[in-house]
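Chains, contacts and geometry: an overview
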Amino acid sequence: MKKLGFGAMRLPLTDAADQTAIDMEQVCQMVDSFLEQGFTYFDTAYMYHNYASERVLRKALVERHPRDSYTIATKLPTMMLKEPEDQPRIFNEQMEKLGVDYFDYYLLHCLNQENYATAQRLDSFGFQSQMKKEGKIRKMGFSFHDSPELLDQILTEHPEVEFVQLQLNYLDWDSVSVQSRRCQEVCVRHGKPIVVMEPVKGGTLAKVPAAAEALMKAAEPEMSVASWAVRYAASQENVFMVLSGMSDLNQMLDNTSYMRDFRPLTAEETAMLRQVTRIIQEDMQVPCTACRYCTEGCPKQIAIPDYFALYNQSLREGRPSDDTLAQYRSFQQEQSKGKASDCVACRQCERHCPQHIHIADQLKAVAKQLEG
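Since we're looking at a predicted model, the values are computed, not measured. (Residues numbered from 1 in each chain as written. Predicted model: local features only at pLDDT ≥ 70, side-chain atom pairs only at ≥ 80, totals over all residues. Heavy atoms only, no water.)

1. A look at the packing of aromatic side chains
Tallied over the entire structure, the rule returns 20 aromatic pairs. Seen from their ring centres, tyrosine 41 and tyrosine 105 are 5.0 Å apart, and the 50 degrees between their planes marks the pair as tilted. Of the two residues, tyrosine 41 sits in strand 2 (residues 41-43) while tyrosine 105 sits in strand 4 (residues 103-111), which places them 64 residues apart along the sequence. A relative accessible area of 0% means that tyrosine 41 is categorised as buried. Where tyrosine 41 meets phenylalanine 240, the ring centres are 6.5 Å apart and the plane angle is 80 degrees; that geometry is what we call edge-to-face. Of this pair, tyrosine 41 sits in strand 2 while phenylalanine 240 sits in strand 8 (residues 239-244), placing them 199 residues apart in sequence. Clustering of aromatic rings is evident, with ring pairs tying together Phe6, Phe34, Phe39 and Phe42. Directly above the aromatic system of phenylalanine 39 lies the positively charged group of lysine 2, at a separation of 5.9 Å from the ring centroid. Across from the ring centre of tryptophan 228, 5.4 Å away, lies the NZ or CZ of arginine 231, which sits over that ring. (Phe/Tyr/Trp six-rings, centres within 6.5 Å; stacked < 30°, edge-to-face > 60°. Helix = DSSP H or I, 4+ residues; strand = E, 2+ residues; numbered from the N terminus. Buried < 20%, exposed > 50% of the residue type's maximum accessible area, 1.4 Å probe, protein only. Lys NZ or Arg CZ within 6 Å of the ring centre and 35° of its normal.)

2. Description of the environment of alanine 45
Residue position: alanine 45 is located in the loop between strand 2 and helix 2 (48-51). Once residues lying within four places of it in the same chain are set aside, the contact partners of alanine 45 are Ser53, Glu54, Thr74, Lys75 and His109. (Contact = heavy atoms within 4.5 Å.)

3. Structural notes on the pairing of strand 4
Of all nine residues in strand 4, nine are buried, a share of seventy percent or more. Here strand 3 (residues 71-77) runs beside strand 4; their pairing, made up of five bridges, is parallel. Within strand 4, the position partnered with threonine 74 by the bridge is tyrosine 106. Crossover strand 3 to strand 4 through helix 4 (residues 86-98) is right-handed. (Pairing = 2+ DSSP bridges. Right-handed = clockwise from strand over helix to strand, strands pointing away.)

4. A few points about helix 12 (residues 267-283)
Look at helix 12: 25 Å from first C-alpha to last across 17 residues, which is about the 24 Å you get at 1.5 Å a residue. Taken residue by residue, helix 12 has Glu269, Met272, Leu273, Val276, Thr277 and Ile280 as its buried positions. Angular distribution of buried residues about the axis of helix 12 spans 160 degrees; they occupy a single face of the element. Exposed positions of helix 12 whose direction lies more than 90 degrees from the buried face are Ala267, Glu268 and Glu282. Looking at the buried side of helix 12, the elements it contacts are helix 9 (210-219) and helix 10 (225-234). (Expected span 1.5 Å × (residues − 1). Arc of directions from axis to C-beta.)

Right, dumping it as C-alpha cells:
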C-alpha cells in the first residue's frame, strides 16, 4: 500500500458550525481521486463528525466502489463503554453505518490509563480477537495517547495486537507530553507496525511562522509546508501508514502529489526541521488540534477547540481584532455555547485530551483575552 491514508475526521463542511453538514459532493470527488491515484486506506471512527463520519464513508466510498479496491479502519470508542454488551452493540452499529461485513483494520480507540483499565475490565482485546476469528476483522490494533511506559505495558500484556496508531510529528517528536519518539521506539522494540495520526498536528504544521516557512522554501521551493510534516512521519521506522485529515480537494491533491512516489527525508532535511521546531515552539500558545474529544459531555457546552483557535489567533494579532471578538461572541449568541468563563473546572475534558492540555487553566486565559 502507498503510505498516505485518508482520515475522515476533518471532512469538508457546508456549514462550519455544524460538524454533520458534510459537503458530500466534494467528499465524493476526494474519494474518487484518492483511489484513482492508487491510494486505498480510509480511516474513520464512531465519534467523528458528531457520529456522522462512518455513514459519510458508506455513501462516498462503500456504495460507489468495489469492496476489494479499498481498506477501511474504524474504532471502538473505549471512552464510551460501560458494560460488555456495549461492544457488540456498537460494533454491529458500525457495520451497518459503513455498510460492510468486515473491517480491514479495527482499533480500540484512544487508549490511555483510564481507557485501558476499561478495556481490561470489559475484555475488549478478547472481543477484538473473537471478531477476528469470525472474519469480521482482518487486523486488530489500538490508537494510543499516553506514556511510553503504558504503551510498553499494553504491548507486553497483549502481544496479539497487530498494529498501533500513534500521534507522531516533528513538533511532538521530543515533547514531554506526547513523547512521539519514545512511543515509536516502544513499537519498534515490540515489532509492531505504526499508523501515524496527527502528522500535521491538526493543521498546526500546515501554517508555520514565516521564519520557519522560509527555511522550508529555501530547501524545496515547490513543496508545501504541510508536505514536510507528512514526509517526516512517513520516514520513521516501522511506519506503514500516515493519516491526513484532509479538509478539501486541494489539500488531498497536494498530499497525493508527493506521496504517490514517496521520498524519505534526508539527514539534512531532518536537521532543518529541528530548526523549524524551535521556531514554532517559541511562537505557539495552546497546542490544540481540534479533535473535539474534549467537548463530549461538557456541562456548559463550551466550544473549547474553537475558543483556543481564536485565542491563538488573537495572540498572533497582538490584541484581539474586532473580527476575532465578533467570532467569539457568535458562539454564544448564535450557537448557544458557553463562554470560556463559564468553565466550572470539572476537568472531564482534560481526561480525554490527546495533547494533555490543562484545559480549565487555559480557558481562564481565553476569558481574560477575549472577554476582557
